[in-house]
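Below, each chain spelled out in residue letters.
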Amino acid sequence: MEQTLQHSLAPIFRPLFASKYRQFKTALAIGLMTLILSTPRLHMMNEYVHSDSGLWTVIIRKSKSLTDPLKDIPQASHAAKKKLRLTVPFIAGVLHLNAWGIYFIQFILGFFSIFFFLALADRIIDNHLHTFLLTASFAFIFAGKCAFVDISGHLDAWPIFFALAALFTRYRLLQLLFLFAVIWSDERGYILAFFTSIALFMFDNFNRGSDEQKLKINYKALLSMLSIPLAAVLRFYLTKYFDLGTNYMDPANDVGLDLFFKQIEQRFFISALMQFEGFWILFLTASIYMYKRKMYYAFCLFTGSILINTFSSFIVGDIIRSASYGFPLIFISLICLREINKQLMDILIVLVFVVSFIIPPFQFLGDQISYYSPLPFHHIYYFRQFMPI
């Protein structure tokens, strides 16, 4: 299957892959494909922007005063959780951005995120077609498309971009700063920062040319993990002295164990599948091979990370958004599979693409299903008024 697909698609993509600026052009092509298949509903954005208690209103308020405790907003609301999500408000305040300005930059960052993912995949895979397929698969899942489709102000695209930037750069201080920005974008950023640090460690220590080099483990790659305790200390200070604390486990917040058990019972398998779609093939295969090769420590760490990331996402209503913060597991599984069986990895990448392409782009938000429809479908209801019946 893998050889047949490669022979069929190679002539089509040869002009693109032979280009001097292959990575930039490929990232642009994948981004445009994503916009066609999952078109943002920009005509609805003003409705979110002008909502008095909406997320955009809170973000703009925080951009003018980062220590605003938002006491006049219902504390059980989603908007109140923005108290300590300061990265984007800080950037918006420095650049004097309104909601549309923030979304415009987020839109551009979406293309850069695809480019960074493509460049990182290139470090693991030595096949341009497979890199294209893997990056396109990333753009099919929420983590890859959220920069375009998020018009309501959730801002998940920003920590995802900063995490990819941390993985892309070779400078330790920038890695630390990028992960600091990740953590202050969302509370789930702590999980993303941890997974990103592990991926950085694996890129530095297992993505080398010779076995002799691989034996020289560079623990400096874990310096980025310092962002987690540093952010935790600063968070404690801001909570205590500026009254920026939030009771996340308040039942009125629609967060907690009651919601967890309800969602596990009602929609576990479909929601878990939608989190990473075809990438589950990589995760499960990597876990099986680690166990078969008696890599028990790696197996426990990797499988445990997957389980924690998956089950913790069911504590909140936005299951798939939450789980998308575990996307560095994709790189971790790829590096492991390349070390164990590169030929199998190449075949799996094709399967990942096929499965991710087939699964429709939707997600659960509480009891509602959100569907990201292709461009033509957005305007199909306009034609209904011209029909005689």
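Before reading on, note that the structure itself is shown above.
Structure report, in brief. Each chain carries its own residue numbering, running from 1 in the written order of its sequence. Given that the model is predicted, a residue must reach a pLDDT of at least 70 before its local features are reported, and side-chain atom pairs must reach 80 or more before they are shown or counted; all residues, however, enter totals for whole chains, interfaces and linings. As a convention, hydrogens and water are excluded, and side-chain values are obtained from all of the structure's heavy atoms.

So, about the packing of aromatic side chains. Any two aromatic rings considered together are summarised by their centre-to-centre distance and by the angle between their planes. Paired rings are identified among Phe, Tyr and Trp, the last through its six-membered ring, by centres lying within 6.5 Å, and are further divided according to the angle between planes into stacked (under 30 degrees), edge-to-face (over 60) and tilted (the rest). Inspection of every chain in the model, using the stated rule, returns 33 aromatic pairs. Summarising the aromatic geometry, the rings of Tyr-103 and Phe-107 are spaced 6.1 Å apart at their centres and angled 55 degrees between planes, so their arrangement reads as tilted. You can see Tyr-103 and its partner Phe-107 sitting in helix 6 (residues 99-124), four residues apart, about one turn around the helix. We call a residue buried when its accessible area falls under 20% of the maximum for its residue type, exposed when it is over 50%, and partly exposed in between, using a 1.4 Å probe and counting protein chains only. Residue Phe-107 is classed as partly exposed on the basis of its relative accessible area, which comes to 21%. Ring geometry for Phe-138 against Phe-327: centres 5.9 Å apart, planes inclined by 50 degrees, an arrangement best described as tilted. Taken as a pair, Phe-138 in helix 7 (residues 128-140) and Phe-327 in the loop between helix 17 (319-323) and helix 18 (329-340) lie far apart in primary sequence, 189 residues in all. Only DSSP runs of H or I with at least four residues qualify as helices, and only runs of E with at least two residues qualify as strands; both kinds are numbered from the N terminus onward.

Together, Ile-36, Leu-37, Phe-357, Ile-358 and Leu-375 give the surface a local cluster of nonpolar side chains, amounting to about 470 Å² of exposed area. Among the secondary structure elements, those contributing two or more residues to the nonpolar patch are helix 2 (22-37) and helix 19 (342-358). Candidates for patches are residues over 30% relative accessible area with no salt bridge; among them, like charges are joined within 9 Å and nonpolar side chains (Val, Leu, Ile, Met, Phe, Trp, Tyr) within 5 Å. Note on areas: these come from Shrake-Rupley sampling with a 1.4 Å probe, and a residue is covered only by the protein chains present in the view. Basic side-chain nitrogens of Lys or Arg form a salt bridge, by our definition, when they fall within 4 Å of a carboxyl oxygen of Asp or Glu.

Note that Ala-99 resides in helix 6. For Ala-99, a relative accessible area of 5% gives the class buried.

Within the secondary structure, Ile-359 is located in the loop between helix 19 and strand 1 (362-365). The sequence separation of Ile-359 and Met-274 amounts to 85 residues, and the corresponding C-alpha distance is 8.0 Å. Among residues more than four places away in sequence, those in contact with Ile-359 are Leu-273, Met-274 and Glu-277. Should any heavy atoms of two residues lie within 4.5 Å, those residues are counted as being in contact.

Attention now goes to the packing of helix 6 against helix 7. Relative to each other, helix 6 and helix 7 sit at 140 degrees, their axes nearing to 9 Å. Classed by the angle they form, the pair helix 6 and helix 7 counts as oblique. Note on packing geometry: the crossing formed by helix 6 with helix 7 is right-handed. Facing helix 6, whose interface residues are Ile-114, Phe-117, Leu-118, Ala-121 and Asp-122, helix 7 presents His-128, Thr-131, Phe-132, Leu-134, Thr-135, Phe-138 and Ala-139. In the scheme used here, Gly and all other residues not listed as nonpolar or charged are polar, with Ala, Val, Leu, Ile, Met, Phe, Trp, Tyr, Cys and Pro taken as nonpolar and Asp, Glu, Lys and Arg as charged. Across the contact of helix 6 with helix 7, the residue classes break down as eight nonpolar, three polar and one charged. Inter-axis angles, ranging from 0 to 180 degrees, are taken between N-to-C directions of lines fitted to C-alpha atoms, where helices are fitted over the stretch in contact. Put simply, angles under 35 degrees are roughly parallel, angles over 145 are roughly antiparallel, angles from 65 to 115 are roughly perpendicular, and the rest are oblique. The sense of a crossing depends on the near helix, which, turned anticlockwise from the far helix by less than a right angle, makes the crossing left-handed and, turned clockwise, makes it right-handed.

So, about the side chain of Ser-224. If you trace the backbone, Ser-224 turns up in the loop between helix 12 (211-215) and helix 13 (227-242). Within the structure, Ser-224 has its side chain in polar contact with the backbone oxygen of Ala-221 (distance 3.4 Å). Each residue touching Ser-224, except ones within four places of it in the same chain, is listed here: Gln-175, Leu-176, Leu-179, Ser-197 and Leu-200. We call two N or O atoms a polar contact when they sit within 3.5 Å, provided that within protein one can donate a hydrogen and the other can accept it, with sequence-adjacent residues counted only if both atoms are side-chain atoms.

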